[in-house]
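Architecture at a glance
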Amino acid sequence: MMRTITVVGASLAGLSAARALRAQEFAGRIIVLGEETHEPYDRPPLSKEFLAGESPDISLLTTDDKLLDVDWRLGVSAVQLDPSDRSVVLSTGERVQSDGVVLATGARARTLPGRNVHTLRTLDDAIALRSAFASAGSVVVIGAGFIGAEVASTARKLGLDVTVVEALPVPMAGPLGAEMGRICGSLHAANGVRLITGVPVAEIADHLVRLADGIELRADVVVAGVGATPNVSWLAGSGLIIDGGVVTDAKCSTNIPQVVAVGDCASSFNDHAQTVLRQEHWTNALQQPRIAAATLMGRTSVHAARFAVPYFWSDQYGSRLQFAGHRQEGDQVEIVSGAADGPFTAVYRRESRPVAVLSRDEARVFGRWRRELTTVTEGVLS
Ligand code: FAD
């Protein structure tokens, strides 16, 4: 009998878990613990409209959410999980014992040594960076991944002189592959941003970035967009299997009964990819908690959310990139609609089977391919 469920992490995945539990008729007590003092807010606008100085509504709480009857505990961290009775120990020393635990602690920005280096993960980070941009003329962005590219794009929109430094030879080659990474990375030069690739940063000293080949870049603002680390160190000693993130099966179950993990902190078996993935994408943090709630509620049928294929979008220089599926080294990629210098859609194939799709500004073509990939997952699960 489930009386109390504790959700650790009060952001998109944590809120989605509370919503899913109520939608699946959990009538007991839900406690949501959150380290940040802010009510749940949306991160994608932080590198886009919000950073550009606009005032998007970033609150995630709807009027319906006020009826969820959740015991919100904000500004308090979980520091330990005791597996014997699923107690969560708080930074205040309090122990919260419950019948089920949802781990939704997300990730934090990786940092680089050096003074005055901005990162962008939280609302407070975004407020600080927005304020720095307001009086700046130039910025160096370290890392040409999605967050780095979006920060560069927004800085350019604000009229700043922007240089992006990427240690790898091709930006975004990990998720997109070298060919598509090169095509998407060309947006930087096309928008007047200098992109330096294949050279790691050797040192950052205040407003100076020194590269391994000796080049020195001076800028008013330095931003590191070098990825994120899952917030799992507080789980050390709990007995949970951690490999990148908290390891779960496709139902979000961890190796401790009635403890599930979701969102950016979870390394979960993915039915579409047929492998373990740690997805750091908004849509996963929204959908995965529905599966986790069904698991805690003891439902045995396959939850519809398991048919969803991995998906993310990124807005850069007025273009929208959308990606669905899972790419592996060795997959063949081909542009099936449009052209590399404008809107296009590219399909990735493995042994002639479509496994992923990437579009730039072709939402309808993308939508058709995404649905086709979903059908492939349905085939795997049925
Ligand atoms: P998080 O949002 O990281 O939330 C985890 C929460 O748990 C945090 O509030 C944290 O403080 C809290 N917490 C951590 N440890 C503890 C603890 N021990 N005790 C209590 N609380 C704890 N995705 C896309 O698909 N498209 C985009 O365009 C896009 N843009 C993005 C732009 C930015 C700037 C960022 C940062 C992310 C973006 N994302 C985007 C990714 C997306 O926002 C994340 O995948 C999503 O926020 C993950 O939600 P989450 O709840 O799993 O984790």
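Since the model is a prediction, treat every value here as computed from it, not as a measurement.

Quick look at the domain arrangement of the chain
For the chain, the domain assignment lists domain 1 (4–50 + 58–106 + 231–307), domain 2 (111–224) and domain 3 (327–381). Using only C-alpha atoms to locate each centre, domain 2 and domain 3 end up separated by 28 Å. The partner domain 3 presents nine residues to the 10 residues of domain 2 that form the contact. Approximately 710 Å² of surface area, both sides summed, lies buried where domain 2 meets domain 3, with 67% of it carried by carbon and sulfur atoms. Listed by contribution, the elements that provide at least two residues to the side of domain 2 that touches domain 3 are helix 4 (173–176) and helix 5 (178–190). With five residues, the top contributor of residues to the side of domain 2 that touches domain 3 is helix 5. Of the residues that constitute the side of domain 2 that touches domain 3, the class distribution is seven nonpolar, two polar and one charged.

Focus on the site of the ligand
Every one of the 34 residues lining the ligand counts as a neighbour, but Ser-11, Glu-36, Arg-43, Lys-48 and Arg-121 are closest to it. Between Asp-264 and the ligand, the recorded distance is 2.9 Å, taken from a side-chain N or O atom to an oxygen atom. Measuring from an oxygen atom of the ligand, one finds a backbone N or O atom of Trp-282 at 3.3 Å. The fraction of the free accessible surface of the ligand (1000 Å²) that becomes covered by protein chains is 95%. Elements represented by at least two residues in the shell around the ligand include exactly helix 1 (12–23), strand 2 (29–34), helix 3 (146–157), helix 6 (282–296) and strand 23 (311–316).

Here's the deal with the packing of aromatic side chains
Counted under the stated rule, the structure contains six aromatic pairs. Note on Trp-282 and Trp-313: the rings are 5.9 Å apart at their centroids and 70 degrees apart in plane angle, and the pair reads as edge-to-face. One end of the pair, Trp-282, is in helix 6; the other, Trp-313, is in strand 23, and 31 residues separate them in sequence. Relative accessible area serves as the criterion here: at 28%, Trp-282 is assigned to the partly exposed category. Between Phe-312 and Phe-323 the ring centres are 5.4 Å apart and the planes differ by 15 degrees, which places this aromatic pair in the stacked class.

Topic: the environment of Asp-99
Of note, Asp-99 is situated in the loop between strand 6 (95–97) and strand 7 (100–103). In this structure Asp-99 comes out as buried when scored by relative accessible area, which is 19%. Along the backbone, Asp-99 and Gly-245 are 146 residues apart, and their C-alpha atoms lie at a distance of 22 Å. Apart from residues lying up to four places away in sequence, Asp-99 is in contact with Met-1, Met-2, Arg-3, Thr-4, Arg-86 and Gln-258.

Describing the side chain of Gln-288
Tracing the backbone through its elements, the reader meets Gln-288 in helix 6. For Gln-288, the residues in contact, after removing those within four places along its chain, are Cys-252, Ala-261, Val-262, Gly-263, Ala-266 and Ser-268.

Overview of helix 1
Residues spaced three or four apart along an α-helix point in a common direction, a consequence of the helix completing one turn every 3.6 residues. The first and last C-alpha atoms of helix 1 sit 16 Å apart over 12 residues, in line with the 16 Å expected at 1.5 Å per residue. Within helix 1, 10 of the 12 residues are buried, which leaves it mostly tucked inside the rest of the structure. When helix 1 is considered as a whole, its buried residues turn out to be Leu-12, Ala-13, Gly-14, Leu-15, Ser-16, Ala-17, Ala-18, Ala-20, Leu-21 and Arg-22. The inward-facing, buried residues of helix 1 abut strand 1 (4–8), strand 2, strand 3 (70–74), strand 7 and helix 6.

Some points on the side chain of Asn-270
Here Asn-270 is to be found in strand 21 (residues 266–270). For Asn-270, a relative accessible area of 10% puts it in the buried group. In this structure, Asn-270 is in contact with Thr-275, Leu-277, Gln-279 and Pro-310, ignoring residues within four places of it in sequence.

Parameters and conventions
Residues numbered from 1 in each chain as written. Predicted model: local features only at pLDDT ≥ 70, side-chain atom pairs only at ≥ 80, totals over all residues. Heavy atoms only, no water. Domains from an automatic or database assignment. Contact = heavy atoms within 4.5 Å. Buried area = accessible area lost by both parts, 1.4 Å probe. Helix = DSSP H or I, 4+ residues; strand = E, 2+ residues; numbered from the N terminus. Nonpolar A, V, L, I, M, F, W, Y, C, P; charged D, E, K, R; others polar. Near = heavy atom within 4 Å. Polar contact = N/O pair within 3.5 Å; in protein donor to acceptor, adjacent residues only side chain to side chain. Areas by Shrake-Rupley, 256 points an atom, 1.4 Å probe, with all protein chains shown as cover. Phe/Tyr/Trp six-rings, centres within 6.5 Å; stacked < 30°, edge-to-face > 60°. Buried < 20%, exposed > 50% of the residue type's maximum accessible area, 1.4 Å probe, protein only. Expected span 1.5 Å × (residues − 1).

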